[in-house]
Structures are given as C-alpha cells and as structure tokens.
Amino acid sequence: MPIQWGPLALAVAIPVGSGFGISLLSMSGLKNWFPYIRKPSWEPPPWFFGPCWSFLYTLMGVASYLVWEAGTPLSATAFKLYGTQLIFNLAWQPLFFVANNMGISQIDNLAALGFAAATALAFREINRTAGLLMAPYVAFLVFANALNFSVARLNPGGRPPRESAATEDLTHPQDMKNPGQDGYQPATQASLAASRRPVSHRAPAAAVFLALKQVFDTPSRTYDTNVGEVYDDWTDEGVLEYFWGEHIHLGYYSREEQQKAWKQPIWTGRHPKDFKQAKFDFIDEMLAWSQSDQPATVLDVGCGIGGTTRHLAAKFPDAKVTGITLSPQQVARGTSLAAERGLSNASFQVMDAQAMTFADNSFDLVWACESGEHMPDKQKYIQEMERVLKPGGRIVIACWCQREETAERPLTASDKSKLKFLYDEWAHPFFVSYQQFARLLQDTKKMASVDTADWTPQTLPTWRQSIWVGVWDPWIVIFKGPKVWYRTMREIVTIERMHRAFAQGLMQYGMIRGTKAGGPAGGGAMHATRDARAPTTV
Ligand code: SAH
C-alpha cells in the first residue's frame, strides 16, 4: 500500500510536537532545578535526553500511523490505550520538573509504562512492525522509571540538597563578582541558598497558575440574549448529550442513594446509580409530585433536546405533548429522536417562553424543568405559563434557585461574586429564590393552590457524578481536540462550583407546583393571605 504522507506526518507530529511543547513549559525546572539536585552515577549526560525522546516519539508516531492505516476493529481500543499512555507520558515532565513532585511523577511514570506496554501489545496484534516500533520506547520507560526512583531517593522531598558542592558556580548570581574582580565577596551557603530559591521553578509556576486562574475565573458565556446559540453549540458538539443523555437536568437520588454516594471511596467515582437513569428517575418523581392525572395536553417549557417531552409522550400515548426551546438545533435533534422512537404525539417548536403564541387555557399540564434560570423576565415567564394552563390544570416547575435574601441573612459580597460566576458562565441573566417563583405564581391571582419544596439533597450527587462519568469515559472529549478539551475543563470547573454553591446552601434546588383555579373540582382563585403566601416545604 502506498504511504500516505499527510497522515504519516500528522501521526509523527502529534507525539513529537506535544513532547516538544511540554518540554518548553517545563524549561524553568529543567534549567533552574534539575542541574542542582543529586543524581545517580549512571544518569546519562543532559544532552542525551532531547534526541532520545525525539527518536522515540518519532517511532511511536510511525507505529500509530501503521495502526491507523490497518483500520481493524481493534484499532479503536489500541488508540484509546495509545492516547492514555501519551497523556501520562506528557504529564510526567511538568510533574517532575515543574512541580518537583517525586511521588506523583513516579506513579505517573509507572502508569505511562503500563499503558505503553499495553499499547505495544495491542499494536502488535494489528501490525507486527507497529508493535516492534513501540518496543524501544517501552524499554526506555523501564529505564526512566528506575531513574525517577533513584533521583527520588537521593532527593527526599524533591528540593535541591542544602550542601551541594557542585552548585557554587552554577548558582552564582549574575551581579556577583568573580574571584579577582573588584568587589568580590565569597558566597556563603546561606547566600547561595537564598539566591537559588526565588529564581527557581516557583515564579514561572506561580505565574502560569495565576494566568490559568484568571482564564478560568473569567466567565465565557455571559447572558446576552444568546441562550439559543449556547444550546445550539452544546447540541452540535455532542459532548453534553454523550454524558448527560437526552436530559439536560439534574438526577434524582433517594435517601439511601445519597448515603451510598458518600460511603464509596472517592476513586470509585461514588456512583450511587447509573447517571442517566437518575435523570429518568427525576422526571418520574417530578411527575408524581406534580399530582397531574392523565393530562391530555402537555407543554414542556424549555425542552432541551426533548428527553422529557418524549418520556411523557410515551407515558401518556393519548396525550399531545409539545416542547418549546430557543434553540433550532435542539428542535431538530428532538424531532429526529421522536421520529426514531415512533412517537407521533411529541412535537417541538422554537418559541420564547416569555411570549408564547399558544391560546389561553390550552394545556392540562405545564411542565418547566430547569428553564427558568435562563429567563430575563421571570414574572413574564410565570404569567405566560399560567395563561396557557387550563383551569384546574397543574403546573410544575423545577429550577436552580439562589437562597432567599432576608434582612437577617443578606447575601455577602463573597456570595454575590460566586453567584455572578454561576450566572455568567452558562448564560443565566440571574437566579431568584423558589419562594420568589411561588410569589410570582400567586400574584397572578389565578391559582387555587401553590406550594414548594427544596430538592437540593435529592439532586446534589449529580454534579460530582457528572465529572466522574467523564473521568471514566473521557474518549469522546480526547478525540474531539484542543477546543473541546478547553471547553470541557471550563465545564468541570463550573460544575464543581455549582456543587459547592448547592452544598453550602447558597443555591437551592427549587420545586414549585400549583393548580389553576376554576377547574371541574371547583375552587376559586386563592387569596393571597399571609399564610398562603408563605411557601411550605414538602
Ligand atoms: N428541560 C430540558 C432542558 C433544560 S435546559 C430537559 O429536561 O432536558 C434549558 C432549556 O431552556 C433549553 O432548551 C433552552 O433553550 C430553554 N430556554 C431557555 N430560555 C428560554 C426561553 N426564553 N424560551 C424558551 N426556551 C428557553
């Protein structure tokens, strides 16, 4: 078969380029730390490593090209192993040279060796030459592990040794004079140690850390009437659907499942149950809580890609279930999934929830799951949903809410800054409390009953579980390339911040339900008495 030069060049460029890039990042440690630590006598000279790694990365790249070209069913698995060993390989340099963490770098090095050996075996199954090309690399990793181990033993804690005879001329600060020059002062151990410390690896590492912190602290998708586009992007990218399934809302965990989550060791991912199943359970719990009985017409306000719309359409085959969203991509995806499942009673439209085109009194059940967060006019959102609800119909709302601000417990500056990030990163204009949603509903004066609940404990495990499902199955992200890697890092940071805000009580998972007055069971509009206005927690 003729050589395909483009793919071959790319295959070689991936390990060689990333290895070179990482070595530039680790340069400070290579220059300012590594020369001064103790090394075993059998350590090769410093000039040896650059050419050696370039050679090994080239062999590895050629091997990966041969496996790609073979394109057997095993190739996908082989590439997963290949990607994993490369990540461990690349992570080693910053762990060792920049963080100077001997223990973690050793663990990383062993993982690189294990995955490299597995890759070599998988490659050999596919193409003998590819397996052979990996062999020198695996052998060198054995040597590198021995070297890492020996250096770690000679330099406990990873710091430069205090009494290093070899350091004097190397650490001689530039403004010091050499012997024989005017103003020469012999360096003491103390002055050498002092001159060594500040210029070493710490300053660049701190600068990189601060720069990264700045990038991750600056929200990237501030609300600006862009909700539709943000969801279009997420839908096109596919990563959200891959991990979260067809439901873009939190899962439901019973009391036992919540406890189970915390009892498991952290490295198991604390999976109290299947992540996607938790979302179906949420809908079933929300439906039960809504107390809606056999609705004939259902409106799903802010339907995402329609997971709930289809679930309700399947549950109530005689009902007509309509989903609305601002994202045309979500409508397209929702419609095609409904067709795939043969659900002719589920349909989707692009429509703004704050200005719906449906007639008054159209739906038996109005369902709003995690869409209120995005509404700039929460009052209009509530009024519109009440308007299209039939008399006697049920409304049920699930929403991420911020805690109620009271005179006794005002939001602090730190609370406000945390909330600001949570608003801005995922295109939220602002949040309100669930008590506020209940008041807005009661203020329509058309409701026979309204009450609320806080489902924070039932939904909290979702956040961290969503990070762990990605850790166990990172392939979709890995194969999507740097843009998605960056975006995924941002999502992880935001998810963790959400978890903390909910765990600390700054955010609450609000549930609001109500019956519109004037239904067959009778019941006039409720009066906004003091008692009725105070929401109950069920
Ligand atoms: N309820 C869905 C998805 C929640 S994600 C689920 O359970 O999977 C939030 C959804 O609200 C997105 O589909 C977004 O397009 C929609 N949304 C946000 N603002 C909206 C608005 N003003 N009008 C209609 N839909 C809106």
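Let me sum up the structure you'll find in this document.

Cut-offs applied
Residues numbered from 1 in each chain as written. Predicted model: local features only at pLDDT ≥ 70, side-chain atom pairs only at ≥ 80, totals over all residues. Heavy atoms only, no water. Buried < 20%, exposed > 50% of the residue type's maximum accessible area, 1.4 Å probe, protein only. Helix = DSSP H or I, 4+ residues; strand = E, 2+ residues; numbered from the N terminus. Contact = heavy atoms within 4.5 Å. Phe/Tyr/Trp six-rings, centres within 6.5 Å; stacked < 30°, edge-to-face > 60°. Lys NZ or Arg CZ within 6 Å of the ring centre and 35° of its normal. 1 Å grid on protein atoms, 1.4 Å probe; cavity = no way out; pocket = protein on both sides within 12 Å on 5 of 7 lines; lining within 4 Å. Points joined across faces, edges and corners; volume = space filled by probe spheres on them. Nonpolar A, V, L, I, M, F, W, Y, C, P; charged D, E, K, R; others polar. Core = buried A, V, L, I, M, F, W, Y, C linked by side-chain atoms within 4.5 Å. Axes fitted to C-alpha atoms, helices over the stretch in contact; angles between N-to-C directions. Parallel < 35°, antiparallel > 145°, perpendicular 65-115°, else oblique. Left-handed = near helix turned anticlockwise from the far one by under 90°. Pairing = 2+ DSSP bridges. Near = heavy atom within 4 Å. Polar contact = N/O pair within 3.5 Å; in protein donor to acceptor, adjacent residues only side chain to side chain. Areas by Shrake-Rupley, 256 points an atom, 1.4 Å probe, with all protein chains shown as cover. Patch = residues over 30% accessible without salt bridge, like charges linked within 9 Å, V, L, I, M, F, W, Y side chains within 5 Å. Salt bridge = Lys/Arg side-chain N within 4 Å of Asp/Glu carboxyl O.

This next bit is on helix 16 (residues 378-388). Taken as a whole, helix 16 has its buried residues at Lys 378, Tyr 381, Ile 382, Glu 384, Met 385, Glu 386 and Val 388. Of the surrounding secondary structure, the elements contacted by the buried residues of helix 16 are strand 1 (297-301), strand 4 (363-369), strand 5 (389-402), helix 18 (434-442), strand 6 (447-454) and strand 7 (507-516).

What follows covers the packing of aromatic side chains. The final tally for this structure, using the stated rule, is 34 aromatic pairs. Plain terms: the ring middles of Trp 92 and Phe 96 are 4.6 Å apart, the flat faces sit at 15 degrees to each other, and that makes the pair stacked. Note that Trp 92 and Phe 96 are positioned in helix 4 (residues 75-98) at a spacing of 4 residues, about one turn of the helix. According to the relative accessible area criterion, Phe 96 is buried, its value standing at 3%. These aromatic residues form a ring-pair network of at least three members: Trp 42, Trp 47, Phe 48, Phe 49, Trp 53, Tyr 57, Tyr 137, Phe 140 and Phe 143. Note that Lys 273 overlies the ring of Tyr 253, its terminal NZ or CZ placed 5.5 Å from the centroid. A cation over an aromatic ring shows up here: Arg 513 above the ring of Trp 289, its NZ or CZ 4.3 Å from the ring centre.

Attention now moves to empty space enclosed by the protein. According to the stated counting rule, one finds 1 cavity of 30 Å³ or more in the structure shown. Around the largest cavity, the lining residues are Trp 234, Thr 235, Leu 240, Glu 241, Gly 245, Ile 248, Ile 305 and Gln 330. Among the residues making up the lining of the largest cavity, the classes are represented as 4 nonpolar, 3 polar and 1 charged.

By volume, the second largest pocket amounts to about 810 Å³. Taken together, 33 residues make up the lining of the second largest pocket; nearest its centre are Leu 30, Phe 49, Gly 50, Trp 53 and Phe 97. Elements with a contribution of two residues or more to the lining of the second largest pocket: helix 1 (5-25), helix 2 (27-32), helix 3 (49-70), helix 4, helix 5 (102-126) and helix 6 (128-154).

For the rest of this paragraph, the subject is the nonpolar core. In terms of nonpolar packing, the biggest core is built from 60 residues, with Phe 282, Trp 367, Trp 400, Trp 463, Tyr 509 and Met 511 touching the most fellow members. Per-element tally for this core: the top contributor is helix 13 (residues 275-290), with 7 residues. Aside from chain neighbours lying at most four places away, what touches Phe 282 is His 249, Leu 250, Gly 251, Tyr 252, Cys 369, Ala 398, Trp 455, Thr 459, Tyr 509 and Met 511. By size, the runner-up hydrophobic cluster in this structure holds 32 residues, among which are Leu 8, Ala 11, Tyr 137 and Leu 141.

Attention now goes to the packing of helix 5 against helix 6. At their nearest, the axes of helix 5 and helix 6 sit 8 Å apart, and the two run at 165 degrees to each other. Taken together, the axes of helix 5 and helix 6 are roughly antiparallel relative to one another. In the crossing of helix 5 with helix 6, the sense of the turn from one axis to the other is left-handed. Tallied by class, the residues present in the contact of helix 5 with helix 6 amount to 19 nonpolar, 7 polar and 2 charged.

This part is about the sheet that holds strand 3 (residues 346-350). Strand order in this open sheet of 7 strands is 3-2-1-4-5-7-6, and the pairing throughout is mixed. The open sheet has two edge strands, strand 3 and strand 6, and neither has a second partner. Each strand axis lies, on average, 15 degrees off the axis of its neighbour in the sheet, ignoring direction. Strand direction decides the pairing type here: strand 1 and strand 2 (residues 320-325), joined by 5 bridges, are parallel. Note on strand 2: the bridge partner recorded for Val 301 is Ile 324. Here helix 18 sits on the sheet in contact with strand 5, strand 6 and strand 7, set at roughly 175 degrees to strand 6.

The subject of this paragraph is the site of the ligand. Taken together, 21 residues are adjacent to the ligand, and Ile 248, Gly 302, Thr 325, Gln 330 and Cys 369 come closest. Side-chain polar atom of Gln 330 to an oxygen atom of the ligand: 2.6 Å apart, as the coordinates give it. One of the backbone N or O atoms of Ala 353 is found 2.8 Å from a nitrogen atom in the ligand. In isolation the ligand offers 570 Å² of accessible surface; the protein chains occlude 99% of this area.

Before going further, it helps to spend a moment on a nonpolar patch on the surface. Together, Phe 20, Leu 24 and Met 27 make up a nonpolar patch on the protein surface, roughly 300 Å² of accessible area in all. Relative to the helices and strands, Leu 24 resides in helix 1.

Looking now at the pattern of salt bridges. Applying the stated criterion across every chain, the model contains 20 salt bridges. Arg 387 serves as the salt-bridge partner of Glu 384, at 2.8 Å between the closest nitrogen and oxygen. Taken as a pair, Glu 384 and Arg 387 lie in helix 16 at a separation of 3 residues, close to a single helical turn. Between Arg 490 and Glu 425 there is a salt bridge, with the nearest N and O atoms lying 3.0 Å from each other. Taken together, the positions of Arg 490 in helix 22 (residues 482-503) and Glu 425 in helix 17 (residues 413-425) put the pair 65 residues apart, joining distant regions of the chain. Using a relative accessible area of 4% as the deciding quantity, one classes Arg 490 as buried. Residues joined by salt bridges that share partners form a network here, namely Lys 213, Asp 217 and Arg 497.

The analysis is restricted to geometry; functional conclusions fall outside its scope.
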